[in-house]
Amino acid sequence: MESTLKEITSNGDSVLDMKDKCGVGGGVEDMYGEDRATEDQPITPWTFSVASGYSLLRDPHYNKGLAFTEAERDAHYLRGLLPPTVLSQELQEKRMIHNLRQYQVPLQRYMAMMDLQERNERLFYKLLIDHVEELLPIVYTPTVGEACQKYGSIFRRPQGLFISLKEKGKILEVLKNWPEKSIQVIVVTDGERILGLGDLGCQGMGIPVGKLSLYTALGGVRPSVCLPITIDVGTNNQQLLDNEFYIGLKQKRATGQEYAELLDEFMSAVKQNYGEKVLIQFEDFANHNAFDLLAKYRTTHLVFNDDIQGTASVVLAGLIASLKLLGGTLADHTFLFLGAGEAGTGIAELIALEITKRTSVPLEEARKKIWLVDSKGLVVSSRLESLQHFKKPWAHDHEPVKELIDAVKAIKPTVLIGTSGVGKTFTKEVVETMASLNPKPLIMALSNPTSQAECTAEEAYTWSKGHAIFASGSPFDPFEYEGRTFVSGQANNAYIFPGFGLGIIMSGTIRVHDDMLLAASEALAAQVTEEDYLKGRIYPPFTNIRKISAHIAAEVAAKAYELGLATRLPRPTNLEKYAESCMYTPVYRTYR
């Protein structure tokens, strides 16, 4: 027996004599010297390609936790690796939502949800879909804002790709490091303008991760084709630069040619690696880059800026829906914006395009119904020379006005829209003036997160004595005023971009056209019911969001086919049914 053992050891020694020579106990030789190597001695990180039960439990794509059946446990070497109980996905979901509700702090719920996503992908999406109204504020705004602020401290494992200035000249190689090879949607940020929180640098990764989880949960886009990316060019946030736990480049932001060259290399590499039909969604870029990037790449790539175009589309949907309460057409109303950045000007332009489409008046004429207030006051023609290029179309003839309240009194708007990123700017005087000018003023406080909202639902309803129609960017609880319960609408981009993206993917669209955004707005507005209007809502509830997304996807795809931008031929007969058939469902699969 001893001689046989000697023949199969590496040096002819008996296993009985190897006790002192092994790097680990139990008679297993440390073949690669991993356990004996010091920190300075490099080793090769060997892995095994054959799947075992243990690795299956650690693969979030296939792991089912306690839902593995008795037969699956035998077939996949799981015996003993799990407790004996078999739990259905429904019971797992029930247990998980119960556990989440025990946490008092929203960030703890966020972290628990991210842990679940990394552990059991299908259960994560099942939970999010079935409890969408409860969990959307956790995985998305407003909690994702706090998560980004603290991302360095809560970072556990990468959920997307980090491309920094260090990777310049090697971005194509970096893209190839991502394990999934067939990518259809990329959400990318450079972290310079995260929600209303400013420059969070590399920690902005929470935004692409959150957005893409909604692409899957709300739009049915498969998680394996989604890729979150953060481009790290540094940060001008001194607190982050001084923070020892900051995970990004510790340098001031690169600008000018250096920035442009990195972005250009990135866009070229994406197209080279994933093809013409990968949708690139720009997210939370600062104004000075957002407009330029969209203008530069919209004719050569399939690009979409959610802050400019997604926000515009969802707000326009609310405006179209609100006409049933306000009366008249869009062209009959006057719009005043507080905030003239990418969101404000993007919404304004889409409103003007919709007015033009409905009335055939020239675009320049339609723009005259829309007024903007920025940090220096009303945007007027006498300021033309000093205005950024994206504000110039909105500089109308009017004497200068400094304060918002004076602009409200001078312009007499029927609709007041806040995209300033500054909280508490719709004061009691502003709301009362809007109510004195209009029987039903429409007030949209769109800035995120909740702390940055221009006013709360309670303030809007109270100060207008219950006459206001109110919508916000972040969610507010229902509010009772003089015996009537108001349920405010949430002008949340999550209504639009998941369905919009699904429509683009399923039709093989190669470019985004403004008419597709208008189609998405009209499709969403059509989903608002009489019951919603009675509660004061101008958006449908999120509980039906997957059906809404399928409807939006069908309308977007139809417009793409009409414009000749769709490449998936022949066109399906029933686009809505086709959209539903394309949607990912997160129920567990049976393994053989």
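Residues numbered from 1 in each chain as written. Predicted model: local features only at pLDDT ≥ 70, side-chain atom pairs only at ≥ 80, totals over all residues. Heavy atoms only, no water.

Per an unreviewed UniProt entry, the protein goes by Malic enzyme and derives from Nicotiana tabacum. Here is the UniProt Sequence similarities (unreviewed entry) comment for the protein, exactly as written: "Belongs to the malic enzymes family." (UniProt positions renumbered as here; feature names shortened; annotations may be inferred.)

Asker: Give me the lowdown on the sheet that holds strand E9 (residues 415–418), citing residues and values where you can.
Answerer: With mixed pairing, seven strands are arranged side by side in an open sheet as E8-E7-E6-E9-E10-E11-E14. The open sheet has two edge strands, strand E8 (377–378) and strand E14 (489–490), and neither has a second partner. Pairing geometry for strand E11 (residues 469–472) and E14, over two bridges, is parallel. Bridging from a neighbouring strand, Ser472 pairs with Gln490 of E14. Helix H18 (residues 404–411) rests against strand E6 (335–338), strand E7 (370–374), E8 and E9 of the sheet, and its axis sits at about 170 degrees to E6. (Pairing = 2+ DSSP bridges. Helix = DSSP H or I, 4+ residues; strand = E, 2+ residues; numbered from the N terminus. Contact = heavy atoms within 4.5 Å. Axes fitted to C-alpha atoms, helices over the stretch in contact; angles between N-to-C directions.)

Asker: Break down the pairing of strand E10 (residues 442–445) for me, citing the residues and quoting the values.
Answerer: Residues Leu442 and Met444 of E10 are buried on one face, and the alternating residues Ile443 and Ala445, pointing to the opposite face, are buried as well. By the bridge criterion, four bridges tie E9 to E10 in an arrangement that is parallel. Bridged to Leu416 within E10 is Ile443. After leaving E9, the chain enters helix H19 (residues 428–437) and then returns to the sheet as E10, a path that is right-handed. Where E10 meets E11, four bridges bridge the pair, whose relative direction is parallel. From the neighbouring strand, Leu442 faces E11, where its bridge partner is Ile469. (Buried < 20%, exposed > 50% of the residue type's maximum accessible area, 1.4 Å probe, protein only. Right-handed = clockwise from strand over helix to strand, strands pointing away.)

Asker: Which residues make up the UniProt feature "binding site: a divalent metal cation" (unreviewed entry) in the protein, and what values do they have?
Answerer: Under the local residue numbering, the UniProt record ascribes the feature "binding site: a divalent metal cation" (unreviewed entry) to Glu283, Asp284 and Asp307. A compact arrangement is adopted by the annotated residues: their sequence extent is 25 residues, whereas the largest C-alpha distance between any two is 6.7 Å. Among the annotated residues just listed, those that line the largest pocket are Glu283, Asp284 and Asp307. You can see Glu283 is positioned in the loop between strand E4 (279–282) and helix H14 (287–297). The class of Glu283 is buried, set by a relative accessible area of 1%. Every residue in contact with Glu283, bar those within four places of it in the chain, is listed here: Val187, Val188, Thr189, Asp190, Ile207, Lys211, Asp306 and Asp307. Looking at Glu283, its side chain comes within polar contact range of the side chain of Lys211, at 3.3 Å. On the basis of relative accessibility, which here comes to 8%, the residue Asp307 falls in the buried class. When residues no more than four places from it in sequence are discounted, the contact partners of Asp307 are Arg193, Phe282, Glu283, Asp284, Phe285, Glu342 and Ala343. A polar side-chain atom of Asp307 sits 3.2 Å from a polar atom in the side chain of Arg193. (1 Å grid on protein atoms, 1.4 Å probe; cavity = no way out; pocket = protein on both sides within 12 Å on 5 of 7 lines; lining within 4 Å. Polar contact = N/O pair within 3.5 Å; in protein donor to acceptor, adjacent residues only side chain to side chain.)

Asker: A description of the nonpolar core should follow, citing residues and the corresponding values.
Answerer: Side chains of a nonpolar character, in soluble globular proteins, are inclined to be buried together. Of all hydrophobic cores here, the largest spans 118 residues; its most connected members are Leu319, Met444, Phe500 and Tyr539. Per-element tally for this core: the top contributor is helix H24 (residues 545–563), with eleven residues. With residues up to four places along the chain from it excluded, the contact list for Leu319 reads Leu330, Phe335, Ile351, Val415, Ile417, Leu442 and Met444. (Core = buried A, V, L, I, M, F, W, Y, C linked by side-chain atoms within 4.5 Å.)

Asker: Requested: an account of the sheet that holds E4, with residues and values cited.
Answerer: Reading across the sheet, the five strands line up as E1-E3-E2-E4-E5 and stay open at both edges, with parallel pairing between neighbours. Because the sheet does not close on itself, it has two edges, and the strands there are strand E1 (161–164) and strand E5 (303–305). Adjacent strand axes in the sheet meet at a mean angle of 25 degrees when their direction is disregarded. Where E1 lies against strand E3 (residues 226–232), four bridges are found, and the strand directions are parallel.

Asker: Report on the domain arrangement of the protein, specifying residues and quantitative values.
Answerer: Each assigned domain of the protein is listed here: domain 1 (53–117), domain 2 (142–305), domain 3 (310–491) and domain 4 (495–582). A separation of 30 Å is found between the C-alpha centroids of domain 1 and domain 2. On the domain 2 side, the residues contacting the eight residues of domain 1 number 13 residues. Around 870 Å² of area is buried between domain 1 and domain 2 when both sides are counted, 63% of it from carbon and sulfur atoms. Ranking the residues of domain 1 by area buried against domain 2 places Leu107, Tyr110 and Met111 at the top, with a combined share of 57%. (Domains from an automatic or database assignment. Buried area = accessible area lost by both parts, 1.4 Å probe.)

Asker: Hey, could you go over the pattern of salt bridges for me, with residue numbers and the actual values?
Answerer: Taken as a whole, this structure holds 34 salt bridges when the rule is applied. Between Glu459 and Lys424 there is a salt bridge; the shortest N-O distance is 3.6 Å. Of this pair, Glu459 sits in helix H20 (residues 457–463) while Lys424 sits in the loop between E9 and H19, placing them 35 residues apart in sequence. Residue classification places Lys424 among the exposed residues on the basis of a relative accessible area of 52%. (Salt bridge = Lys/Arg side-chain N within 4 Å of Asp/Glu carboxyl O.)

Asker: Now, about unusual backbone geometry: what can you tell me, with residues and values included?
Answerer: With omega at 10 degrees, the peptide bond leading from Thr141 into Pro142 counts as cis. Structurally, Pro142 is set in the loop between helix H7 (132–139) and helix H8 (143–149). That bond from Leu569 to Pro570 is cis: its omega, -5 degrees, falls within 30 degrees of zero. Within the fold, Pro570 resides in the loop between H24 and helix H25 (575–582).

Asker: Could you give an account of the layout of surface pockets, naming the residues involved and the relevant values?
Answerer: Taken as a whole, the largest pocket holds about 990 Å³ of empty space. Taken together, 50 residues form the lining of the largest pocket, with Arg193, Ala343, Thr419, Ser420 and Gly421 sitting closest to its centre. Breaking the lining of the largest pocket down by element, the ones donating at least two residues are helix H11 (206–219), helix H15 (306–326), helix H16 (342–359) and E7. The element that contributes the greatest number of residues to the lining of the largest pocket is H15, accounting for four residues. When its residues are assigned to classes, the lining of the largest pocket shows 16 nonpolar, 20 polar and 14 charged. Here the lining of the largest pocket spans two domains, and each of domain 2 (142–305) and domain 3 (310–491) adds at least three residues to it. One number sums up the size of the second largest pocket: a volume of about 550 Å³. Taken together, 20 residues form the lining of the second largest pocket, with His61, Glu121, Pro158, Gln159 and Trp178 sitting closest to its centre. Those elements that provide at least two residues to the lining of the second largest pocket are helix H5 (106–119), helix H6 (121–130), H11 and E3. (Points joined across faces, edges and corners; volume = space filled by probe spheres on them. Nonpolar A, V, L, I, M, F, W, Y, C, P; charged D, E, K, R; others polar.)

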